[in-house]
Amino acid sequence: MSAVIGLRKEREVLTVALQTNRHVVLEGPPGTGKSTLLRSIAADVGTEVVFVEGNAELTPARLVGQYDPAAVMTDGYVPSSFTDGPLLTAMRGSGLLYLEELNRIPEETLNVLITVLTEGEIAVPRLGRVRAAAGFRLIAAMNPFDAIGTARVGQAIADRMCRVVLGYQDAAAERAIVAQVTGADPSPIGLSVRMVRATRDHRDLRMGSSVRGAIDLVLLLGGLLRVRGGYGLSAEGARETARDAAHAALSGRIKVVDGVERTPESVIDDILDDVWPEDAPPPDESSDPDSPDQDEQGGADPKGGGPQAEQPAGPESASSLRRDRKGGSQSRRQNGRREMQAKHESFDDVSPEVGELDEEAFAQLMAEDPDAAAAMLADMALATDRELRAAAKRLACRVFIQVGRVGTTRSRGTRRLAHNRRSDGDLDLDRTLDRWTGQWPPATEDLVTRTWTGHRRAVCLVVDSSGSMNGLGVAIAAVAAAGVVLASDEKLETSVITFASDVTQLQRLGQRRSAEDLVGQLVSLRGHGMTDLAGALKAARTELLPAVADERVVVLLSDCLHTTGAPPETALGGIDRLHVLCPLPTDEAETAARALAARGAGRAEMVRTLLDIGPALTRLLG
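One structure accompanies this document, and this report is about it. (Residues numbered from 1 in each chain as written. Predicted model: local features only at pLDDT ≥ 70, side-chain atom pairs only at ≥ 80, totals over all residues. Heavy atoms only, no water.)

In terms of helices and strands, the chain carries 24 helices and 20 strands. Buried positions account for 51% of the 622 residues belonging to the chain. Of the contacts made within the chain by residues no fewer than 6 positions apart, 77% connect residues no fewer than 24 positions apart. (Helix = DSSP H or I, 4+ residues; strand = E, 2+ residues; numbered from the N terminus. Buried < 20%, exposed > 50% of the residue type's maximum accessible area, 1.4 Å probe, protein only. Contact = heavy atoms within 4.5 Å.)

With respect to the helices and strands, the residue His202 is situated in the loop between α10 (186-199) and β10 (205-207). Polar side-chain contacts of His202 include one of 3.1 Å to the backbone nitrogen of Asp204. (Polar contact = N/O pair within 3.5 Å; in protein donor to acceptor, adjacent residues only side chain to side chain.)

Counting across every chain of the model gives three aromatic pairs. Centre to centre, the rings of Phe51 and Tyr98 are 5.8 Å apart; their planes meet at 50°, and the pair counts as tilted. Taken together, the positions of Phe51 in strand β2 (residues 49-53) and Tyr98 in strand β5 (residues 96-100) put the pair 47 residues apart, joining distant regions of the chain. Relative accessible area serves as the criterion here: at 1%, Tyr98 is assigned to the buried category. Centroid distance Tyr67 to Tyr77: 4.9 Å. Interplanar angle 85°. Geometry classified as edge-to-face. Placement of the pair is Tyr67 in strand β3 (residues 65-67) and Tyr77 in the loop between α4 (69-75) and β4 (82-84), with a sequence separation of ten residues. Each member of the aromatic cluster is reached from another via a ring pair, and the members are Tyr67, Tyr77 and Phe82. (Phe/Tyr/Trp six-rings, centres within 6.5 Å; stacked < 30°, edge-to-face > 60°.)

Before going further, it helps to examine the pairing of strand β8 (residues 137-142). Most of β8 sits out of view: six of its six residues are buried. Residues Arg137, Ile139 and Ala141 point to one face of β8 and Leu138, Ala140 and Met142 to the other, with burial holding for every one of them. Bridge analysis of strand β1 (residues 24-27) against β8 gives four bridges, and the strand direction is parallel. Within β8, the position partnered with Leu26 by the bridge is Ala141. Bridge analysis of β5 against β8 gives four bridges, and the strand direction is parallel. Opposite Leu99, over in β8, you have Ala140 as the bridge partner. (Pairing = 2+ DSSP bridges.)

Time to look at the sheet that holds strand β20 (residues 604-607). Here we have six strands laid out as an open sheet, ordered β17-β16-β15-β18-β19-β20, and mixed in their pairing. Strands with a single pairing partner mark the edges of an open sheet, and in this sheet they are β17 (503-507) and β20. When strand polarity is set aside, the average angle formed by the axes of neighbouring strands in this sheet is 20°. By the bridge criterion, four bridges tie strand β16 (residues 492-499) to β17 in an arrangement that is antiparallel. Looking across to β17, one finds that Thr498 is bridged to Thr504. Sitting on the sheet, helix α21 (residues 515-523) is in contact with β16 and β17, with an inclination near 150° to β17. (Axes fitted to C-alpha atoms, helices over the stretch in contact; angles between N-to-C directions.)

What follows covers unusual backbone geometry. One non-glycine residue, Arg126, lies in the positive phi region at around 75°. Within the fold, Arg126 resides in the loop between β6 (121-124) and β7 (128-131). Even without being glycine, Cys560 reaches a positive phi, approximately 65°. Within the secondary structure, Cys560 sits in the loop between β18 (551-557) and β19 (577-583). The class for Cys560 is buried, based on a relative accessible area of 6%.

This part takes up a negative patch on the surface. Together, Asp348, Asp349, Glu353, Glu356, Asp358 and Glu360 line one region of the surface with negative charge. On the secondary structure map, Asp358 appears in the loop between α15 (347-350) and α16 (359-368). (Patch = residues over 30% accessible without salt bridge, like charges linked within 9 Å, V, L, I, M, F, W, Y side chains within 5 Å. Areas by Shrake-Rupley, 256 points an atom, 1.4 Å probe, with all protein chains shown as cover. Salt bridge = Lys/Arg side-chain N within 4 Å of Asp/Glu carboxyl O. Lys, Arg positive; Asp, Glu negative; His and termini not counted. Charge placed at Lys NZ, Arg CZ, Asp CG, Glu CD.)

This paragraph deals with the layout of surface pockets. Counted as a void, the second largest pocket has a volume near 570 Å³. For the lining of the second largest pocket, the elements supplying multiple residues, two or more each, are α3 (60-64), β3, β6, β13 (426-427) and α19 (429-435). Partitioned by chemical class, the residues of the lining of the second largest pocket number 15 nonpolar, two polar and six charged. (1 Å grid on protein atoms, 1.4 Å probe; cavity = no way out; pocket = protein on both sides within 12 Å on 5 of 7 lines; lining within 4 Å. Points joined across faces, edges and corners; volume = space filled by probe spheres on them. Nonpolar A, V, L, I, M, F, W, Y, C, P; charged D, E, K, R; others polar.)

Below you can see the structure in the form of structure tokens.
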């Protein structure tokens, strides 16, 4: 077993937690040493580790154990017919139960652990009560920044466990880790670690590489150099060889920000050009880029993502999504430079010259005041300056999609164990015996199994575009649309429409359209006309009607103050649930939104800033 390098503080906390009979969850991105740390401590104290890989197919029976069907048919439900799962194995043997990927395990399975964590025992049907031996502990690990196939861990579990957070280690520790695994010379190790660390801060990446990427890069680089007849970074063609090795080692580990039209390989080329410029000698193995986390144990960015991975909350904006309530058409016209200079005090910093858009200045404004930055970006997307307009649309796709991505995080409860007779999943022994005719072997139609099933939903986002919709209102609509599209999967079909006095279809149910296209169309939206909520809800109902779904849901982004058409509550037929996102609400709008959502058996979320959209969508669609 490899020795643990660094992580002194984390090792001490975990050791003491186990000594004091605490259960612990280890949080951190991949490659931060969670498993290595636990196995090292277990080896020191001579404790067995029972390993469980968490995934969506882990049922309670697979975790706890189950009766062997053949033994039950021969001897009945006796203890000897029961096969212990990993939970009971660890409980009976005074071991450590290590649950990998805790946030990938279904809630129904995690609920089995509640009494185990609290009382140290579990009641198993027909087997009886099983108490944990002294020394039993549960250690779980999870990567909280992975949004694919994961879900929030319920408070009932979180409240019963201590939490230890592991981040990336400093450069010296990572070089030592790579050296320990590869045994390579310092030069390729230094190059590899520098490149890997640079991926965590690159502006076009939302997820960087772990130290495993540096290990693979060192090994591939050394092997390619030998194949090509060279040795060391001073060999002829070593830089191109390093590029080839980096493409193979890192391109699958890094994630490009949505909306950025780049390949992982092109980003890696940028990083190599910075670390080892063309026609320059190999970098000094002792050198290391200046970075704020260089001297911090655990690193400053546990996500491994670039600056785009975080969007600090900004102050509440005084802007409002205005409506032309008196009728008539008020188009959202294009914006001249003088108008935007008067409206946005930071405009000259972001666009110092005609046709220019300074993305660094915009990023700084986004960090300081997200609402002001988003409102200005939406207005620039309709600038009379053609080059500025095009640049603003490209940037809006990246920024608004990144903010909307928060809405893809799923809460638990959308999957459940259901019985079926499809001969897949886990055998439900009790129900099978109830149906069994006694003839051996049992017929296929006598077998009853349990498998995970999901709750299928069809969702239509309905965006109010009446009146003088502009600025922050457009940004909120674009982020909401991006969030809905990004949340789409095999259990959630989505569509998007906009409305004023008429309805416009942006994405039909079942249609695959990129979030970039949708955001680009929304930021070009020209608001006009009056507000016909009933007409929009009828159009949404028509859109959802053909869907094969357990629930048809409408998410209405509007202040819910209708100015034409029938009252909206008369158009709720055929809609199973109506949620309302109320942007920049006045007291009147909040009252109307909450009343309409209540009539539609849904909930109303007040969206007062741009960064409220993602969490609100998570609550509504999770």
